[in-house]
Amino acid sequence: MTQDELKQAVATAALDYIRPYLEDNTVLGIGTGSTANLFIDNLAELRGQVNATVASSDASAERLRQHGIPVYELSTVNQVDFYIDGADEANDSLQLIKGGGAALTREKIVAAVARTFICIADESKLVHTLGEFPLPVEVIPMARSYVARELVKLGGDPVYREGVVTDNGNVILDVHNFSIPQPLAMEAKINNIAGVVSNGLFALRPADVLLLGTAEGVKTLRLA
C-alpha cells in the first residue's frame, strides 16, 4: 500500500471508531494536515449526525464548512468528546511530535480539552525515539533570535521556517538534529523559554489511541 492509501485507511478507521458515539451533543475536535484532511472528507458522509466541531486551524475550519459541517469556537462549547488529528512522529508511549502544518498551538489546546485524543498516522511515523522529524516551536516574533540561542544550548539546530506565519501571528523554528529520549522533560523545558508560545512535543498530553496504518491493516494502540 502507498502512504496515501495508508492515510486513507486510518482516516476511515477513525470514522468507524467514533461512529457509535455520535449523539446530538457530541463535539468533535478536528486537527490539521493531510491525514486530518482525509478524515474531514470522510466525515462529510455523516454531516447530518455531526452537530458541532471545533478546528485546530483556519484551514481545517474552512474545509469543514465546505462540507456543510458546523464549526464552533472552542470557547463556545462545553466539551470536546473526541479530538482526531495526525502526527509527524509517535512513539510507543503515544507521545507525539506535531506541528509540520504550523498549527501546533491550537492543536495542543484542543487536545488538552478533549476527553479522548485519537491520533491517526501511517506506520512510517512510529519511532523508538522522537526527534528525527524536526521539532516545531512556535515563537513570538521579537523573541526569535533569543529562543534560537536557547534551543542551541539544549543541543538542537533551530532553523527559521521562512515565509510561515501561524494563525496566531507567530513564527516557527524547526529544531533539527535533536534526539528526544525524555519527551516529558524536554516539552516542559522548551515551554519555559521566554518567548516560546508552545512546542510540538505532545508528551504531557499524549494521544489516548493511535490508529496506525500498516500493510497488514490498521492497528490500534492504546495508552497504557
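Here the structure is a predicted model, which means the values were calculated and not measured. (Residues numbered from 1 in each chain as written. Predicted model: local features only at pLDDT ≥ 70, side-chain atom pairs only at ≥ 80, totals over all residues. Heavy atoms only, no water.)

What about the sheet that holds strand S12 (residues 209-214)?
Spatially, the six strands line up as an open sheet ordered S2-S1-S3-S6-S12-S13, and their pairing is mixed. Each having just a single partner strand, strand S2 (52-55) and strand S13 (217-222) make up the two edges of the open sheet. Strand-to-strand twist of the sheet, defined as the mean angle between neighbouring strand axes without regard to direction, takes the value 20 degrees. Alignment of strand S1 (residues 27-30) against S2, held across four bridges, turns out to be parallel. From the neighbouring strand, Ile-30 faces S2, where its bridge partner is Ala-55. Helix H1 (residues 3-18) contacts S1, strand S3 (80-85), strand S6 (114-122), S12 and S13 of the sheet and is inclined by roughly 155 degrees relative to S6. (Pairing = 2+ DSSP bridges. Helix = DSSP H or I, 4+ residues; strand = E, 2+ residues; numbered from the N terminus. Axes fitted to C-alpha atoms, helices over the stretch in contact; angles between N-to-C directions. Contact = heavy atoms within 4.5 Å.)

Focus on the pattern of salt bridges
The full count for this structure, using the stated rule, is 12 salt bridges. For Asp-16, the salt bridge identified is with Arg-19, shortest N-O distance 3.2 Å. Taking the relative accessible area as the measure of exposure, Asp-16 reaches 43% and is therefore partly exposed. Arg-161 is the partner of Asp-174 in a salt bridge, and the nearest nitrogen-oxygen pair spans 2.7 Å. With a gap of 13 residues between them, Asp-174 in strand S9 (residues 171-176) and Arg-161 in the loop between strand S8 (157-160) and S9 connect regions that are remote in the sequence. The exposure class assigned to Asp-174 is buried, which follows from its relative accessible area of 11%. For Arg-161, a relative accessible area of 15% corresponds to the buried category. One continuous salt-bridge network, built from bridges that share partners, spans Asp-16, Arg-19 and Glu-45. (Salt bridge = Lys/Arg side-chain N within 4 Å of Asp/Glu carboxyl O. Buried < 20%, exposed > 50% of the residue type's maximum accessible area, 1.4 Å probe, protein only.)

A word on the packing of helix H2 (residues 34-43) against helix H3 (residues 58-66)
Contact geometry of H2 with H3 gives a least axis separation of 9 Å together with a crossing angle of 20 degrees. As judged from the angle between their axes, H2 and H3 are roughly parallel. H2 and H3 meet at a crossing whose hand is right-handed. In this structure, H2 uses Asn-37, Ile-40, Asp-41 and Leu-43 to contact H3, whose residues at the interface are Ser-60, Arg-63 and Leu-64. Among the residues forming the contact of H2 with H3, the class breakdown is three nonpolar, two polar and two charged. (Parallel < 35°, antiparallel > 145°, perpendicular 65-115°, else oblique. Left-handed = near helix turned anticlockwise from the far one by under 90°. Nonpolar A, V, L, I, M, F, W, Y, C, P; charged D, E, K, R; others polar.)

With respect to the pairing of S6
On a regular strand, one side chain projects to one face of the sheet and the next to the other, so that they alternate. Counting buried positions along S6 yields eight of nine residues, so the element is predominantly enclosed. Bridge analysis of S3 against S6 gives five bridges, and the strand direction is parallel. Within S6, the residue paired with Ile-84 across the bridge is Ile-118. Taken together, the five bridges between S6 and S12 define a ladder with parallel strand orientation. Considered in S12, the bridge of Ile-118 is made with Val-209.

A look at the environment of Val-80
Tracing the backbone through its elements, the reader meets Val-80 in strand S3. Under the relative-accessibility criterion, Val-80 is labelled buried at 0%. Residues Val-80 and Ser-34 lie 46 residues apart in sequence; the distance between their C-alpha atoms is 22 Å. In contact with Val-80, other than residues within four places in its own chain, are Val-27, Leu-28, Gly-29, Val-54, Leu-74, Val-113, Ala-114 and Arg-115.

Some words on the packing of H1 against H2
Where H1 meets H2, the closest approach of the two axes is 9 Å, and the angle between their N-to-C directions is 50 degrees. In terms of axis orientation, H1 runs oblique to H2. Our pair here, H1 against H2, has a crossing hand that is right-handed. Residues Asp-4, Lys-7, Gln-8, Val-10, Ala-11, Thr-12, Ala-14, Leu-15 and Ile-18 of H1 form the contact with H2, whose own contacting residues are Ser-34, Thr-35, Leu-38, Phe-39, Asn-42 and Leu-43. For the contact of H1 with H2, the per-class residue count stands at eight nonpolar, five polar and two charged.

Scope: geometric values only; no functional claims are made or implied.
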